[in-house]
Amino acid sequence: MTRAGTPLRDAPEDRRTAPGAPAATFAADIGGTWVRLRTGGQDAPVERLPSPSRLRHPDRSTARLRADMVELLSDRAPAGARAALSFGAAIDHLTGTVYGSAPLWGAESAPYDLAAELRRRRPDVTWHLVNDVTAALLDFAAVHAGPGTRRVAYLTVSSGIALRIADVERTRIPVDARGLQGEVGHLPVPLTDPGADVLAGLPCECGATDHLASIASGPGLTRAAHRLGLPWAEQVADRLPGALAAGDPDARRLLELCAAPVAQLLRTLWCLDPHLDLIGIGGGVAEGLGGHYAAELRRRLAAATSYADRGHDDAWLDDRLVFCAPGQVDPLRGVHRIGDWLPGVTR
Ligand SMILES: [Zn+2]
């Protein structure tokens, strides 16, 4: 349940269901490694199945993997269910078309209308698809948005980097003409820190170079560690927290370089939207580095960079930034709430 006064409501009854027969609820969080399913309400048990993904089945064709996914979901959804799917891919929130997901379907870049295929297979089910960052945002907002919260964002710094912003006052999640919002990981990143040009030209998973994800994502951290010549670059996720705790100057330098563009993103967000009252930060990189990451972002955001950005003190940042612990934000829990938001997912 949300804090008092927020506009998040309990999910309304599905209007397509016959009167007197409450819709079954079916939710799934689909990633490259696992598909987590829940049939029933928020309190029903979660079932975890291996994902029919490229990650698990490198030998299978994309067509086969997609067919396996459709089969898995359409086999599991109860008759007449209201189904809400959280999908680990860039997705058109207006149609349910999946633009691409390397862990699920490899380098296949042709859009795939997963929602249409599910509706064809199981027309009795009401299918709703959203990106997993959107689903995480809904869960984060439900827990953390207070009565005065106007807009809330969730930023994931993980194997990729993405951001979603919801307008809590109007229960809206604005998207562009392609049904997307906040794919910030693939924005070009300015290397403005002294010495940061050592990271120039690093590749991104999308094939370009010098993107935010080139440097600041999990794989980006490994690439940056290689550039800095760290002998433990391949084990950066395991070794960095300990090296930071031990005061290793190379580890410190790596953290500073990789957190800088994320701090710059946050600074820009607040400059453009002063009503962005709350930002949650999660994902494997942020959660794995924990207090080190939080302290570095806060240190940077405290510093004045110009007359327009005078820096933010501890109290200001305490009110607006939430660093999420592992497991604290759950896309499966969040996607249950999509029915409340769907009329507001809009161009
Ligand atoms: Zn990119």
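A quick note: this is a predicted structure, and the numbers were derived from the prediction, not measured.

**Student:** Tell me about the packing of aromatic side chains, residues and numbers included.
**Tutor:** Considering all chains together, one arrives at four aromatic pairs under this definition. Between tryptophan 105 and tyrosine 112 the ring centres are 5.5 Å apart and the planes differ by 85°, which places this aromatic pair in the edge-to-face class. Taking relative accessible area as the criterion, tryptophan 105 reaches 1% and is therefore assigned buried. Under the relative-accessibility criterion, tyrosine 112 is labelled buried at 16%.

**Student:** Outline the coordination of the zinc ion, supporting the account with residue identities and numerical values.
**Tutor:** Every protein donor of the zinc ion is accounted for by His186 (ND1), Cys204 (SG), Cys206 (SG) and His211 (ND1), and the metal-donor separations fall at 2.0 to 2.3 Å. For the zinc ion, the four donor atoms in the first shell make angles of 98 to 121° at the metal, so the coordination geometry reads as tetrahedral. Along the chain, the residues that donate to the zinc ion are spaced as H-x17-C-x1-C-x4-H. Taken together, the residues span a long stretch of sequence, with histidine 186 in the loop between strand E11 (173-174) and helix H5 (212-216) and cysteine 204 in the loop between E11 and H5 at a distance of 18 residues.

**Student:** So what's going on with the nonpolar core? Residues and values would help.
**Tutor:** Within the largest apolar cluster, 47 residues are counted, with the highest numbers of intra-cluster contacts made by Leu155, Leu240, Leu266, Ile279 and Tyr293. Of all elements in the fold, only strand E9 (151-157), strand E10 (161-167), H5, helix H6 (218-227), helix H7 (236-245), helix H8 (249-272), strand E12 (276-282) and helix H9 (284-302) reach the threshold of two or more residues within this core. If one sorts the elements of this core by residue count, H8 sits on top with twelve residues. Those residues within four positions of leucine 240 in sequence are excluded, and the remaining contacts are Leu221, Trp232, Ala251, Leu254 and Leu289. One finds Met69, Leu72, Leu85 and Trp127 within the second-largest nonpolar core, a separate group that totals 28 residues.

**Student:** Describe the side chain of threonine 62, listing the residues and the values that go with them.
**Tutor:** Secondary-structure assignment places threonine 62 in helix H1 (residues 62-76). Reaching out from threonine 62, the side chain makes a polar contact with the side chain of arginine 54 at a distance of 3.2 Å. For threonine 62, the side chain forms a polar contact with the main-chain oxygen of tryptophan 105, separated by 3.4 Å. Dropping the residues within four chain positions of it, threonine 62 is found in contact with Arg54, Trp105 and Glu108.

**Student:** Could you give me a rundown of the sheet that holds strand E4 (residues 82-87), with the residues and numbers involved?
**Tutor:** Sheet architecture is open: five strands sit in the order E3-E2-E1-E4-E8, paired in mixed fashion. The outermost strands of the open sheet, each flanked by one partner alone, are strand E3 (47-50) and strand E8 (126-131). The mean angle between the axes of side-by-side strands here comes to 20°, regardless of whether they run parallel or antiparallel. Bridge count between strand E1 (residues 25-30) and strand E2 (residues 34-39): five bridges; the pairing is antiparallel. Bridge pairing links alanine 28 to leucine 37 in E2. Packed on one face of the sheet, H1 meets E1, E2, E3, E4 and E8 and runs near 155° to E1.

**Student:** So what's going on with H6? Which residues, and what values?
**Tutor:** Taken as a whole, H6 has its buried residues at Gly220, Leu221, Thr222, Arg223, Ala224 and Ala225. Where H6 is buried, its residues meet H5, H7, H8 and H9. You can read the cap of H6 off the contacts: a side-chain oxygen lies 3.0 Å from the backbone nitrogen of glycine 220, and it is on serine 217. At the exit of H6 stands glycine 229, carrying a positive phi of roughly 75°.

**Student:** Go over the side chain of arginine 300 with me, naming the residues and quoting the values.
**Tutor:** Relative to the helices and strands, arginine 300 is located in helix H9. Accessibility expressed as a relative area gives 12% for arginine 300, which makes it buried. If near-sequence neighbours (up to four positions away) are discounted, arginine 300 is found in contact with Asp193, Glu256, Ala260, Ala263 and Arg267.

Rules behind the numbers
Residues numbered from 1 in each chain as written. Predicted model: local features only at pLDDT ≥ 70, side-chain atom pairs only at ≥ 80, totals over all residues. Heavy atoms only, no water. Phe/Tyr/Trp six-rings, centres within 6.5 Å; stacked < 30°, edge-to-face > 60°. Buried < 20%, exposed > 50% of the residue type's maximum accessible area, 1.4 Å probe, protein only. Donors = N, O, S within 2.8 Å, 3.2 Å for Na, K, Ca; no water. Tetrahedral: all angles 85-135°; square planar, octahedral: opposite > 155°, others 65-115°. Helix = DSSP H or I, 4+ residues; strand = E, 2+ residues; numbered from the N terminus. Core = buried A, V, L, I, M, F, W, Y, C linked by side-chain atoms within 4.5 Å. Contact = heavy atoms within 4.5 Å. Polar contact = N/O pair within 3.5 Å; in protein donor to acceptor, adjacent residues only side chain to side chain. Pairing = 2+ DSSP bridges. Axes fitted to C-alpha atoms, helices over the stretch in contact; angles between N-to-C directions.

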